[in-house]
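What follows is each chain in one-letter form.
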Amino acid sequence: MPKQPLFIGGAGRSGTTMLGALLGGAQGAVTTPESLFKNRLLTSGCPDAQAALKRLEKSWRFRLWKTPLNTDEINGLDPRTTAADLLLWLVDRYATKENKPEWSCWIDHSPCNIRQVPTLLTHFPDAKFIHIVRDGRAIMASFFNLTWGPAHPKSAAEFWLRKLTPGLAAECAYPDRVLRVRYEDLIEEPKKTLQSICAFANLPY
């Protein structure tokens, strides 16, 4: 069965993790932790898959997946495996660990996905994207009790605009691949909103 990625992205604190968790309950879907290591892997190429895996094992970002790889698995991989296929192979290892071996849709909720649409489409031509947008004032409020992020309304507005712009550009450039979802709609009308997302992503509701 073909493996199709669904990349969720948006400004930080916009609900990417929540949406990923909700969609991960669909039949055939597996939601991994954020894959913030993937852009470097895709842009640097993968001339030696085994060496790339050994580097990933040392990455704290990959260790968040809590998916240890044994030496036999690494040595058994074709060194000529592409970076995209290597990522799908890692998703398969994660899905097996989570007792979802028959997955067909990889859901990744890394917020930066929406800034990497052209790169991700180059490697995953069948991928689809969800651009989740939350009211900038609510994002500002969500930072109040954190030790990171904007702490002033002006810096929060600049943060929101800076993170929103790539998503709006992606919507215009790839209207059939990028779906905008309002965070507030997801909260106020969860069934209707999730049904439209599932229809867009070819997932059973």
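These numbers were taken from a predicted model, which means no experiment stands behind them.

Peer 1: Could you give me a rundown of the sheet that holds strand 3 (residues 105-108), with the residues and numbers involved?
Peer 2: Within a sheet, neighbouring strands are paired by backbone hydrogen bonds and run either parallel or antiparallel to one another. Taken in spatial order, the five strands make up an open sheet running 2-3-1-4-5, and their pairing is parallel. Each edge of the open sheet carries a strand with a single partner, namely strand 2 (29-31) and strand 5 (178-182). Each strand of the sheet is rotated relative to its neighbour by a mean of 20°, with strand direction disregarded. Lying over the sheet, helix 1 (residues 16-23) contacts strand 1 (4-9), strand 2, strand 3 and strand 4 (128-133), oriented at roughly 150° with respect to strand 1. Each of strand 4 and strand 5 is contacted by helix 9 (residues 153-173), which is oriented at about 135° to strand 4, the strand it contacts most.

Peer 1: Go over the packing of aromatic side chains with me, naming the residues and quoting the values.
Peer 2: As enumerated under the stated definition, the model contains 10 aromatic pairs in all. A centroid spacing of 5.8 Å and a plane angle of 40° characterise the contact between phenylalanine 62 and tryptophan 65, whose relative ring orientation is tilted. Of the residues examined, tryptophan 65 reaches a relative accessible area of 1% and is grouped as buried. With a centroid separation of 5.6 Å and an interplanar angle of 65°, the aromatic rings of tryptophan 65 and tyrosine 94 are classed as edge-to-face.

Peer 1: With reference to specific residues and values, describe the environment of leucine 179.
Peer 2: Take leucine 179: it is sitting in strand 5. Note: C-alpha distance between leucine 179 and arginine 162 (17 residues apart in sequence) is 19 Å.

Peer 1: Lay out helix 6 (residues 83-97) with the relevant residues and their values.
Peer 2: The end-to-end C-alpha distance of helix 6 is 21 Å, a good match for the 21 Å that 15 residues give at a rise of 1.5 Å each. The buried count for helix 6 comes to 11 of 15 residues, which makes it a mostly enclosed element. Here helix 6 has its buried residues at Ala83, Ala84, Leu86, Leu87, Leu88, Trp89, Leu90, Val91, Arg93, Tyr94 and Ala95.

Peer 1: Before we move on, could you go through the pairing of strand 4 and cite the residues and values that matter?
Peer 2: For strand 4, the tally of buried residues reaches six of six residues, placing the bulk of the element in the interior. Where burial is concerned, the two faces of strand 4 agree: the one with Lys128, Ile130 and Ile132 and the one with Phe129, His131 and Val133 are both buried. Pairing of strand 1 with strand 4 involves four bridges; the strand directions are parallel. In the sheet register, phenylalanine 7 faces strand 4, and the bridge partner there is phenylalanine 129. In this structure, strand 4 lies alongside strand 5, joined through five bridges in parallel fashion. By the bridge assignment, histidine 131 is partnered in strand 5 with arginine 180.

Peer 1: Explain the nonpolar core residue by residue, including any values.
Peer 2: Counting residues in each nonpolar core, the largest one holds 35 residues, and the members touching the most others are Leu53, Leu90, Phe124 and Phe129. When residues of this core are traced back to their parent elements, those giving at least two are helix 2 (38-44), helix 3 (49-57), helix 6 and helix 7 (117-123). A per-element tally of this core places helix 6 first, with 10 residues. For phenylalanine 129, the residues in contact, after removing those within four places along its chain, are Leu6, Phe7, Asn113, Val117, Leu120, Leu121, Arg177, Val178, Leu179 and Phe200. Within the second largest apolar cluster, 19 residues are counted, among which are Cys105, Ile107, Ile132 and Leu186.

Peer 1: Can you break down the pattern of salt bridges residue by residue, with the values?
Peer 2: According to the stated counting rule, one finds nine salt bridges in the structure shown. Two residues, aspartate 108 and lysine 38, come together in a salt bridge whose shortest N-O distance is 2.7 Å. With aspartate 108 in strand 3 and lysine 38 in helix 2, this pair connects stretches of sequence that are 70 residues apart. A salt bridge links aspartate 92 to arginine 93; the nearest nitrogen and oxygen atoms lie 3.0 Å apart.

Conventions and cut-offs
Residues numbered from 1 in each chain as written. Predicted model: local features only at pLDDT ≥ 70, side-chain atom pairs only at ≥ 80, totals over all residues. Heavy atoms only, no water. Pairing = 2+ DSSP bridges. Helix = DSSP H or I, 4+ residues; strand = E, 2+ residues; numbered from the N terminus. Axes fitted to C-alpha atoms, helices over the stretch in contact; angles between N-to-C directions. Contact = heavy atoms within 4.5 Å. Phe/Tyr/Trp six-rings, centres within 6.5 Å; stacked < 30°, edge-to-face > 60°. Buried < 20%, exposed > 50% of the residue type's maximum accessible area, 1.4 Å probe, protein only. Expected span 1.5 Å × (residues − 1). Core = buried A, V, L, I, M, F, W, Y, C linked by side-chain atoms within 4.5 Å. Salt bridge = Lys/Arg side-chain N within 4 Å of Asp/Glu carboxyl O.

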